[in-house]
There are 2 protein chains.
Amino acid sequence: MAQSPTKDIAFITEPIREGLERVNQHLVGVAGAARLSGDAAMLQHAVVSGGKKLRPALTLLAGSFHPGYEDALVTMGAAVELLHIATLIHDDTVDKADTRRGRATVGNLWGPDVAVLVGDYVFATSATFVCDTGNIRVVRRFSETIMELAQGELAERFAAHNWEQTIDDYNARIYDKTATLFCTAAESGGVLSHAPESETQALYQYGYNLGMAFQVMDDVLDLAGTEEELGKPVGNDLLQGTLTLPVLRFAERYPHEPVLVRVRQGSREPADLAALVAAVRDSDAIGEAFAVMEGYRDQALAALHRLPATRERASLEALVAYATDRRV
Amino acid sequence: MAQSPTKDIAFITEPIREGLERVNQHLVGVAGAARLSGDAAMLQHAVVSGGKKLRPALTLLAGSFHPGYEDALVTMGAAVELLHIATLIHDDTVDKADTRRGRATVGNLWGPDVAVLVGDYVFATSATFVCDTGNIRVVRRFSETIMELAQGELAERFAAHNWEQTIDDYNARIYDKTATLFCTAAESGGVLSHAPESETQALYQYGYNLGMAFQVMDDVLDLAGTEEELGKPVGNDLLQGTLTLPVLRFAERYPHEPVLVRVRQGSREPADLAALVAAVRDSDAIGEAFAVMEGYRDQALAALHRLPATRERASLEALVAYATDRRV
């Protein structure tokens, strides 16, 4: 069954098409279950989006090695997607974003106050879905994940413009912000399909490294992409004060670079920030951050080798390529 | 052990003093566990307040009829208090409140964005505490409760100034907003102490009726109290557009009252609103709403008679008096 990895999303989801369709039906049902018609319209808008559903795909694929537990996996897949959606609703509210994936955000349409409460409702709905799996280990891990997501967002805000932070701080933050949900999506597939613990641990390692690779790649592209590819200014994170791996590596290697010194001393001059973006972009810090991403990527693939070589495993391999080969 | 009910909080909490102290220690621990020092200060402020802790008291007392499960009850007590605190953080954020119980709100001190994320973190922390009980029934019910709390807040906002709403709508809303958490606090005491199902159901009925009585009393006092007692304008709910039981009863009975007609037609003139508050306040709608409260109160007390007549049961009786005899 050895197939060369592809980053084609259709190839990835082909073996779990039916499961993903059932996840979608759950999401549609969430909007239908709301008591008020006004709520239903909002939830419909918030929950039934055209997202790629990478996280539920991860759960379904991770749970495929020991068949017979599809119902629990579909329920869990809906839970992880709902948690992801709830996080996006609150993030967009906090960031005052007007659009997401080309559609108006809940906060844009109904105001930030409603968006806070709709986000809460979707968070809670995700938790009831997890409870429906009946598995206390999965429920516990899910709750921790919600804590970590909130902690990651808080940490990002508090670390903004803070040049005292270390690469360890960065690693802890991107685990909280991104990797924890990939871990939980993958690990729960193992737990709910009653996989041997060694396989579940392999799935956890896969999810961890996939999530870390995904976020580091995002942070590299933010500096290495073009404005056209990114759909936002190059170095947008740095312009917002978010210090990512390439920037922190640059600061470690070239602490006396004049424009870096000015920005560290508090300059928010557009010309200084643009010059710093350009300096990082042209430095070897980009390549070094890319190498860190490759390390995570390779560990994700290595973890898969501890699992049976099925068609679904080929999908999980392709998912790594999909998450890390992308130009944007 | 038959004691006459008292509304003295010291009498209520006397048999569970040690348990409440342990709940407090859990709350202090939440702030200590946060990864960032900035978070810890916020969480300390948000979580370790001087609140009366009625809800954990309810769980501890409800779980007292079958001793031996104190650890799980303390954990659950911390969970219900954290959930209550998370709700207040988001409510205060949405309402742009500057103070709560005489202290600055999280949103006031650190801004609304941080308050959204801190609220999320406390929500998630409450869920991990529930998971620590290891009881999936309690966890499931807790998740539903979070959904209902969010739904109640959303419903209140969407029903503001809406005179088409019915008393059934009001009842559904105050269940979601207030009674559900009292239900869950009481029921979980039964479940976690392995009480017979008939006792757990009695505790659920007690919690439901206590919660409904508590909220109806709040809504009566909002109109029947004095500004001095209330610490806010008389009829503040109506001034904000929230239609409560006395107002809805008044509208049912006196649909042609001129000032009511003007407000229903959309008048927000301060003079009209003040006149409507005065008209409701002087009408028999207040007494009728009070009678509804008494009905809930009596059912709460009746539910207790299905439980053994212990000292803790006397506390639960006193809690009813405490929640419903208060002037404000």
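Refer to the structure presented above.
Here is what the cut-offs are and how they apply
- Residues numbered from 1 in each chain as written.
- Chains lettered and ligands numbered in written order.
- Predicted model: local features only at pLDDT ≥ 70, side-chain atom pairs only at ≥ 80, totals over all residues.
- Heavy atoms only, no water.
- Helix = DSSP H or I, 4+ residues; strand = E, 2+ residues; numbered from the N terminus.
- Rg over C-alpha atoms; globule rule 2.2 N^0.38 Å.
- Contact = heavy atoms within 4.5 Å.
- Areas by Shrake-Rupley, 256 points an atom, 1.4 Å probe, with all protein chains shown as cover.
- Lys, Arg positive; Asp, Glu negative; His and termini not counted.
- Charge placed at Lys NZ, Arg CZ, Asp CG, Glu CD.
- Least-squares fit on C-alpha atoms with pLDDT ≥ 70 in both.
- Disulfide = S-S within 2.5 Å.
- Buried < 20%, exposed > 50% of the residue type's maximum accessible area, 1.4 Å probe, protein only.
- Buried area = accessible area lost by both parts, 1.4 Å probe.
- Salt bridge = Lys/Arg side-chain N within 4 Å of Asp/Glu carboxyl O.
- Polar contact = N/O pair within 3.5 Å; in protein donor to acceptor, adjacent residues only side chain to side chain.
- Nonpolar A, V, L, I, M, F, W, Y, C, P; charged D, E, K, R; others polar.

The helix and strand tally for chain A stands at 17 helices and two strands. Its C-alpha atoms give chain A a radius of gyration of 20 Å, within 12% of the compact-globule value 20 Å for 328 residues. When its C-alpha atoms are laid out on the principal axes, chain A stretches across 60 × 50 × 35 Å. Sequence separation of at least 24 residues holds for 77% of the intrachain contacts in chain A that already meet a minimum separation of 6. As displayed, chain A has an accessible area near 12,800 Å², and 51% of this comes from carbon and sulfur atoms. Computed over 30 positive and 45 negative side-chain charges, the inter-centroid distance for chain A is 1 Å.

Here Arg55(A) shows up in helix α4 (residues 54-62). Setting aside residues no more than four positions away along its own chain, Arg55(A) makes contact with Val80(A), His84(A), Leu181(A), Phe182(A) and Ala185(A).

With an RMSD of 0.0 Å, the operation that places chain B on chain A is a rotation of 180 degrees combined with a shift of 0.0 Å along the axis. The symmetry that links the two subunits is that of a two-fold axis. When C-alpha positions in chain B are compared against the rotation axis, the closest is assigned to Ile136(B), at 3.2 Å. Most of the interface of chain B is mirrored in chain A, where 100% of its interface residues are also at the interface.

Bringing the state of the cysteines into the picture now. All told, the structure shown has zero disulfides over all chains when counted by the stated rule. The structure places no disulfide on Cys131(A), whose sulfur is separated from the nearest cysteine sulfur, that of Cys131(B), by 7.0 Å. Of the cysteine sulfurs around Cys183(A), a residue in no disulfide, the closest is that of Cys131(B), at 17 Å. Given the relative accessible area of 0%, Cys183(A) is considered buried.

Across the contact, 40 residues belong to chain B and 40 residues belong to chain A. Buried surface at the junction of chain B and chain A, both sides included, amounts to about 3,800 Å², of which 70% is carbon and sulfur. For the interface between chain B and chain A, the tally reads six salt bridges. Between Lys96(A) and Asp113(B) there is a salt bridge; the shortest N-O distance is 3.0 Å. At the junction of chain B and chain A, the tally comes to 10 residue pairs in polar contact (both at pLDDT 80 or more). Counting only elements with at least two residues in the side of chain B that touches chain A, the list comes to α3 (37-47), α5 (70-94), α7 (112-132), α8 (136-158) and α9 (167-192) of chain B. Across the side of chain B that touches chain A, the residue classes tally to 22 nonpolar, seven polar and 11 charged.

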